[in-house]
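Overview (structure and organization)
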Amino acid sequence: MDASVTPALLYLDDVSVTFDGFRALNSLSLVIEHAEMRAIIGPNGAGKTTMMDVITGKTRPDTGEVMFDGHHDLTRIDEAGIAELGIGRKFQTPTVFDMLTVEDNILLALKSDRRPLASLLEKLTSARKERVDELLERVRLKDHRHRKAGNLSHGQKQWLEIGMLLAQEPKLLLVDEPAAGMTDQETADTADLLREIAQTRSVVVVEHDMVFVRDLGVKVTCLHEGSVLAEGPLDAVSSNERVIEVYLGR
Ligand SMILES: Nc1ncnc2c1ncn2[C@@H]1O[C@H](COP(=O)(O)OP(=O)(O)OP(=O)(O)O)[C@@H](O)[C@H]1O
């Protein structure tokens, strides 16, 4: 397929990354459609983090194509440029401003109009307030807006960070093990939240918690030794003999 005409949002083809002779990604190919959520599973060292690093420009592939939104060749764009194109990444540990309120964390993250007069006035605009309300509602923190972020539960901090990423209006959200350390209720709420987000944006979730992955109800890709081992509905992937052997049956 010619990547320059692919209708997919994200297209990785034949991507390899070698660290000191070790192949962390080995001819990896992956396609994520617009408004698709994909769960990525696989054993430790399978290449999940390296794949995210390649997409965000932190690591450059030795070979292969990484195309975003039609014509953007991500292997030629720096990390800031890739974020600007609309790729947001949520790491496992929440990074919110603990001393600020929930609302101020969101306000800080809002995409702003960089024209000087606009930025002077934008604090006052009702559109900005509405956007903050909308984001707080979306991430289930409307009733906590005046609390210091440092006082939130672990799960709420994760949601706040997701809200801050959404404030940037990404086309693609990369989320690393969101359910880790969450209560069962928070885990279920997070699955709901990600499903809502994926109605309008694409989401790639790396996760080990198979209950959570089942709850997401989306196509699953199992990586192993830097390549795709199996891909499809969770039932098919989790009954794949190789997947059981290298991952689930451990
Ligand atoms: N910067 C680096 N230098 C050398 N080796 C690296 C580097 N980054 C990753 N690796 C190696 O590449 C392999 C793939 O690692 P990666 O972190 O992508 O796997 P993963 O699937 O995310 O694993 P986990 O589930 O443990 O997070 C591992 O064997 C790792 O040790």
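Cut-offs and rules
Along each chain, residues carry numbers from 1 onward, in the same order as the chain's sequence is written. Where local features are concerned, this predicted model is filtered to residues with pLDDT of at least 70; where side-chain atom pairs are given and counted, the filter is 80 or more; whole-chain, interface and lining totals use all residues. Pairing between two strands is assigned when DSSP locates at least 2 bridges connecting them. Working definition: helices are DSSP H or I runs of at least four residues, strands are E runs of at least two. Numbering for both runs from the N terminus. Axis lines are fitted through C-alpha atoms, for helices just across the contact stretch, and the angle between N-to-C directions can take any value from 0 to 180 degrees. Relative orientations are named as follows: roughly parallel for angles under 35 degrees, roughly antiparallel for angles over 145 degrees, roughly perpendicular for angles from 65 to 115 degrees, and oblique for any other angle. Crossing handedness is read from the near helix: turned anticlockwise from the far helix by less than a right angle, it gives a left-handed crossing, and turned clockwise, a right-handed one. Placing C-beta atoms from the backbone, we regard two residues as in contact once those atoms come within 7 Å. Polar here means any residue outside two lists: the nonpolar Ala, Val, Leu, Ile, Met, Phe, Trp, Tyr, Cys and Pro, and the charged Asp, Glu, Lys and Arg; Gly therefore counts as polar. Each residue carries a pLDDT value, the predictor's own confidence for that position, ranging from 0 to 100. Each residue receives a C-beta atom built from its backbone; the residue is near a molecule or strand if that atom lies within 6 Å of it. Every C-beta atom is placed from the backbone, and the number of other C-beta atoms within 10 Å of a residue's own sets its class: buried at 20 or more, exposed at 12 or fewer, partly exposed in between. Helix span, as expected, comes to 1.5 Å for every residue beyond the first. An arc is given here, and it is the one of the directions from the helix axis to the C-beta atoms.

Strand order in the open sheet formed by 4 strands is β2-β1-β4-β5, with antiparallel pairing between adjacent strands. The open sheet has two edge strands, β2 (22-32) and β5 (72-73), and neither has a second partner. In terms of strand pairing, strand β1 (residues 10-19) meets β2 through 7 bridges, oriented antiparallel. Residue F19 lies in a different strand from β2, and its bridge partner there is F22.

For the pair helix α3 (residues 102-109) and helix α6 (residues 154-166), interaxial distance at closest approach is 8 Å and the crossing angle is 30°. When the axes of α3 and α6 are compared, the pair comes out roughly parallel. Helix-helix and strand crossings are classified by hand; for α3 and α6 the assignment is right-handed. Facing V102, N105, I106 and A109 of α3, the residues of α6 in contact are L160, G163 and M164. Residue classes in the contact of α3 with α6 are distributed as 5 nonpolar, 2 polar and no charged.

In the predicted model, the protein carries a mean pLDDT of 91, and 92% of its residues have values of at least 70. Taken together, the chains of this predicted complex give a pTM of 0.91 and an interface ipTM of 0.92.

In the vicinity of the ligand, the residues found are F19, D20, F22, A24, G42, N44, G45, A46, G47, K48, T49 and T50. Elements with a minimum of two residues in the shell around the ligand: β2 and α1 (48-55). Broken down by element, the residue count for the shell around the ligand peaks at 3 residues, all from α1. For the shell around the ligand, the residue count by class is 4 nonpolar, 6 polar and 2 charged.

This brings us to the environment of I244. Position of I244 among the secondary structure elements: in helix α10 (residues 241-248). I244 sits in the partly exposed class, given 13 other C-beta atoms within 10 Å. The spacing of I244 and L28 is 216 residues in sequence and 20 Å in space, taken between C-alpha atoms.

Burial runs high along strand β9 (residues 219-224): 5 of the 6 residues are buried. Bridge analysis of strand β3 (residues 37-41) against β9 gives 4 bridges, and the strand direction is parallel. In the strand pairing of β9, R38 is matched with K219. Bridge analysis of β9 against strand β10 (residues 227-232) gives 5 bridges, and the strand direction is antiparallel.

On to helix α7 (residues 184-197). If you check α7, its first and last C-alpha atoms are 20 Å apart, about what 14 residues at 1.5 Å a residue would give, namely 20 Å. Burial in α7 covers these residues: E186, T190, A191, L193, L194 and I197. Down the axis of α7, the buried side of the element spans an arc of 165°, and every buried residue falls inside it. Exposed and facing more than 90 degrees away from the buried side of α7 are D184, Q185, D192 and E196.

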